[in-house]
Amino acid sequence: LSYTLSLHDALPISKITRIMKFLVSLNFFLVFLFTEKPFQKRLKQDFDVQKITWNDLKDVHFKKKFNIDLAMFYLYPNFGPKVTMLNGRTVEIKGYTIPIDSEGNFVVSQNPNSMCYFCGKSGPESMIQLKFSGKHQRYKTDEIKTFKGTLRLNATNVQELNYILEEVESVD
């Protein structure tokens, strides 16, 4: 048995052209998808960063409890679901820088220094402790900066703030 193709059995040229264009496009897409390039890494990092506002951190309630070790009452947080979802995520937030000691440790605050939590003008949810991974620049009091890092929730250690940003980088 033999079979011969006639011209009317073949695919039309327009269909072949469309199939070839599709295959070429698919090839370019797959190369782009599976090739790790610096700009793709940066794009992925930007995609993984969640920009948050101070309102996002207000999903928390505090209960005053007596700390036996320190013989004082402290506010202990009960984080809500919105804040709990941010734990361990890379976030970016803008606020006022406030130095907390002479060793170069800083917090970022929703409010300027004169209205911060330590002065009694706002709640503990309005500040984030900054933990830089290496050397960092010093910031002026009330300098408005955007920081990026991994958010860690702290419900037990009264020696640290409730919100801690680790591996911090200044974005601007």
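Above: the structure in question.
Notes on the structure follow.

Cut-offs used in this document
- Residues numbered from 1 in each chain as written.
- Predicted model: local features only at pLDDT ≥ 70, side-chain atom pairs only at ≥ 80, totals over all residues.
- Heavy atoms only, no water.
- Helix = DSSP H or I, 4+ residues; strand = E, 2+ residues; numbered from the N terminus.
- Buried < 20%, exposed > 50% of the residue type's maximum accessible area, 1.4 Å probe, protein only.
- Contact = heavy atoms within 4.5 Å.
- Phe/Tyr/Trp six-rings, centres within 6.5 Å; stacked < 30°, edge-to-face > 60°.
- Lys NZ or Arg CZ within 6 Å of the ring centre and 35° of its normal.
- Pairing = 2+ DSSP bridges.
- Salt bridge = Lys/Arg side-chain N within 4 Å of Asp/Glu carboxyl O.

1. Details of the overall build of the protein chain
Scanning the protein chain for helices and strands turns up three helices and eight strands. Starting at the N terminus and ending at the C terminus, the protein chain contains elements arranged as α-α-β-β-β-α-β-β-β-β-β. Within the span of the protein chain, comprising 172 residues, buried residues form 30% of the whole. For the protein chain, contacts bridging at least 24 residues in sequence account for 56% of all contacts bridging at least 6.

2. Some remarks on the packing of aromatic side chains
To describe a pair of aromatic rings, you give the distance between the ring centres and the angle between the ring planes. With the rule as written, the count across this model stands at six aromatic pairs. Geometrically, the ring pair formed by phenylalanine 79 and tyrosine 163 is tilted, given 5.7 Å between the ring centres and 45° between the ring planes. Pair noted here: phenylalanine 79 is in strand S3 (residues 72–79) and tyrosine 163 is in strand S8 (residues 163–170), with a separation of 84 residues, a long-range link. Tyrosine 163 shares its class with phenylalanine 79; the two are buried. In this structure, lysine 65 packs its charged tip against the face of tyrosine 76, placed 5.6 Å from the ring centre.

3. With respect to the pairing of strand S6 (residues 127–132)
With five of its six residues buried, S6 lies for the most part within the structure. As paired strands, strand S5 (residues 106–109) and S6 are joined by three bridges and run antiparallel to one another. From the neighbouring strand, valine 108 faces S6, where its bridge partner is isoleucine 128. Across four bridges, S6 lies against S8 in parallel orientation.

4. Here's the deal with unusual backbone geometry
Non-glycine residue alanine 71 carries a positive phi angle of around 55°. You can see alanine 71 is positioned in the loop between strand S2 (60–67) and S3. When its relative accessible area of 54% is taken as the criterion, alanine 71 is described as exposed. Positive phi, normally seen in glycine, also occurs at aspartate 142, with a value near 70°. Structurally, the position occupied by aspartate 142 is in the loop between S6 and strand S7 (144–153). Residue class for aspartate 142 comes out partly exposed when judged on its relative accessible area of 30%.

5. Quick notes on the pairing of S3
Here eight bridges tie S2 to S3, and the two strands are oriented antiparallel to one another. Of the residues in S3, the one forming a bridge with lysine 65 is tyrosine 74. Between S2 and S3, which pair antiparallel one after the other, the connecting turn spans four residues, and alanine 71 there sits at a positive phi close to 55°.

6. Some remarks on the pattern of salt bridges
Taken as a whole, this structure holds six salt bridges when the rule is applied. The shortest N-O distance in the salt bridge between glutamate 92 and lysine 51 comes to 3.8 Å. Of this pair, glutamate 92 sits in strand S4 (residues 90–99) while lysine 51 sits in strand S1 (residues 50–51), and the two are 41 residues apart along the sequence. The exposure class assigned to glutamate 92 is buried, which follows from its relative accessible area of 13%. Here lysine 131 and glutamate 160 are joined by a salt bridge, their closest N and O atoms 2.5 Å apart. Taken together, the residues span a long stretch of sequence, with lysine 131 in strand S6 and glutamate 160 in the loop between S7 and S8 at a distance of 29 residues. Classification of lysine 131 as partly exposed rests on a relative accessible area of 29%. Each of Lys131, Arg152, Glu160 and Glu166 takes part in salt bridges that share partners, so that together they form one network.

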